[in-house]
Amino acid sequence: MMEEKIILGENTRYPLKGMLTLPDNTSAPVPAAVFVHGSGSSNMDEKVGKLTPFRDLAHGLAAHGIASVRYDKRSFAHPFKLIKEKPLTVKKETIEDAILAAELLRRDPRIDPDRVFIIGHSMGAMLAPRIDAEGGNFRALILLAGTPRKIEEVLIDQTDEMLAEMKGLSRKIAGKQIAKIRKMFDGLYEMSDAEAQKKKFGGGTTMYYFKEMGEHPAESYLKNTDKPLLILQGEKDFHVKADVDFALYKKLLKDHPRVQYRLYENLNHVFVPSVYGLISKAKQEYNVEAHIGEDVTADIAHWIQAIQ
């Protein structure tokens, strides 16, 4: 395995530090993948607690002859600049950089330009079909721990589940906060863009962030693609659920001719073994050092290698 430091978008307003990971043998052009982060600000490894899922996958895929590019998320590298350039949208935060990463790979003579894939995790999986349609032009899509639902639906479910796991005074306080969050989404799609841009959600984000993303639902893009899809889910994921989100993918894509599914027993949202299995203990769970196993990496690699 070889790793080369890169700068993604070097001549743009948002240059990002990144890493190109290559297998040892690149005597002939190899397939490659672009990693796309989940929600929030993340570094190139998508580090959360003591977990580094993108680094794990990059190294694992390289052992199978597949290159990859990962990079700091724009909201991680340039948080204040990004917030000032209103309105904040997933296009500015995520989509533009993923397309730049695909273009970077295709320009590299060591990469097969016709075999560039996207690997989206969590919200990155939700956005992957849109990224593909809006200029990514990937050979196929790999969706890790995603959902075809809208992000606000998932957010509300997560807050409800967290509330259910609480007790006593903390539950009462959290209940009032969650009620306020729910109310903020009332009439979201009846708001004008200008209204949504004025209504603050938190952390420099306005309701327009959710409105714009919701008006470009993953479901619509998935219904209109015939590209190969690989959808992976951890059985013990407490951010998106196997019995809800994974099942919805299967229902939505029941007539898709080239979709495969992988469900992993006892793995969580980051595809490492579950520890607590509770969303209220997510921080503790992600602070237990672990790495994505060879079973997950091999499944992805073998699927990629089978697509010529």
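Scroll up to find the structure this text is about.
Structure report, in brief. (Residues numbered from 1 in each chain as written. Predicted model: local features only at pLDDT ≥ 70, side-chain atom pairs only at ≥ 80, totals over all residues. Heavy atoms only, no water.)

## Structural notes on the pairing of strand β5 (residues 111-121)
So, step 1. Counted residue by residue, β5 has 9 buried out of 11 residues, so it is predominantly covered.
So, step 2. Bridge count for strand β3 (residues 30-36) against β5 is 6 bridges, and the pairing is parallel. Looking at β5, one finds that A32 is bridged to V116.
So, step 3. Examined bridge by bridge, β5 and strand β6 (residues 141-144) share 4 bridges and lie parallel to one another. By the bridge assignment for β6, I118 is matched with L141.
So, step 4. With helix α5 (residues 123-136) bridging β5 and its parallel neighbour β6, the resulting β-α-β unit is right-handed. (Buried < 20%, exposed > 50% of the residue type's maximum accessible area, 1.4 Å probe, protein only. Helix = DSSP H or I, 4+ residues; strand = E, 2+ residues; numbered from the N terminus. Pairing = 2+ DSSP bridges. Right-handed = clockwise from strand over helix to strand, strands pointing away.)

## Focus: the packing of helix α1 (residues 53-63) against helix α13 (residues 294-306)
So, step 1. Interhelical geometry of α1 versus α13 gives an angle of 55° and a closest axis separation of 9 Å. The orientation of α1 with respect to α13, classified from their angle, is oblique. Seen from above, α1 lies across α13 with right-handed handedness. The segment α1 lies against α13, with L57, G60 and L61 engaging T297, I300 and A301.
So, step 2. The class makeup of the residues in the contact of α1 with α13 is 4 nonpolar, 2 polar and no charged. (Axes fitted to C-alpha atoms, helices over the stretch in contact; angles between N-to-C directions. Parallel < 35°, antiparallel > 145°, perpendicular 65-115°, else oblique. Left-handed = near helix turned anticlockwise from the far one by under 90°. Contact = heavy atoms within 4.5 Å. Nonpolar A, V, L, I, M, F, W, Y, C, P; charged D, E, K, R; others polar.)

## Points about the packing of aromatic side chains
So, step 1. For the coordinates displayed, the defined rule picks out 9 aromatic pairs.
So, step 2. Seen from their ring centres, F185 and F210 are 5.1 Å apart, and the 90° between their planes marks the pair as edge-to-face. Remark: F210 occurs in helix α9 (residues 207-214) and F185 occurs in the loop between α7 (168-184) and α8 (193-198); sequence separation between them is 25 residues. Across this residue pair, the class does not change: F185 and F210 are buried.
So, step 3. Three or more aromatic residues joined by ring pairs make a cluster, and in this case those are F185, F201, Y209 and F210.
So, step 4. Over the face of the ring belonging to Y189 we find K150, whose NZ or CZ atom lies 4.2 Å from the ring centre.
So, step 5. Here K250 stacks its cationic end above the ring of Y261, 5.4 Å away from the centre of that ring. (Phe/Tyr/Trp six-rings, centres within 6.5 Å; stacked < 30°, edge-to-face > 60°. Lys NZ or Arg CZ within 6 Å of the ring centre and 35° of its normal.)

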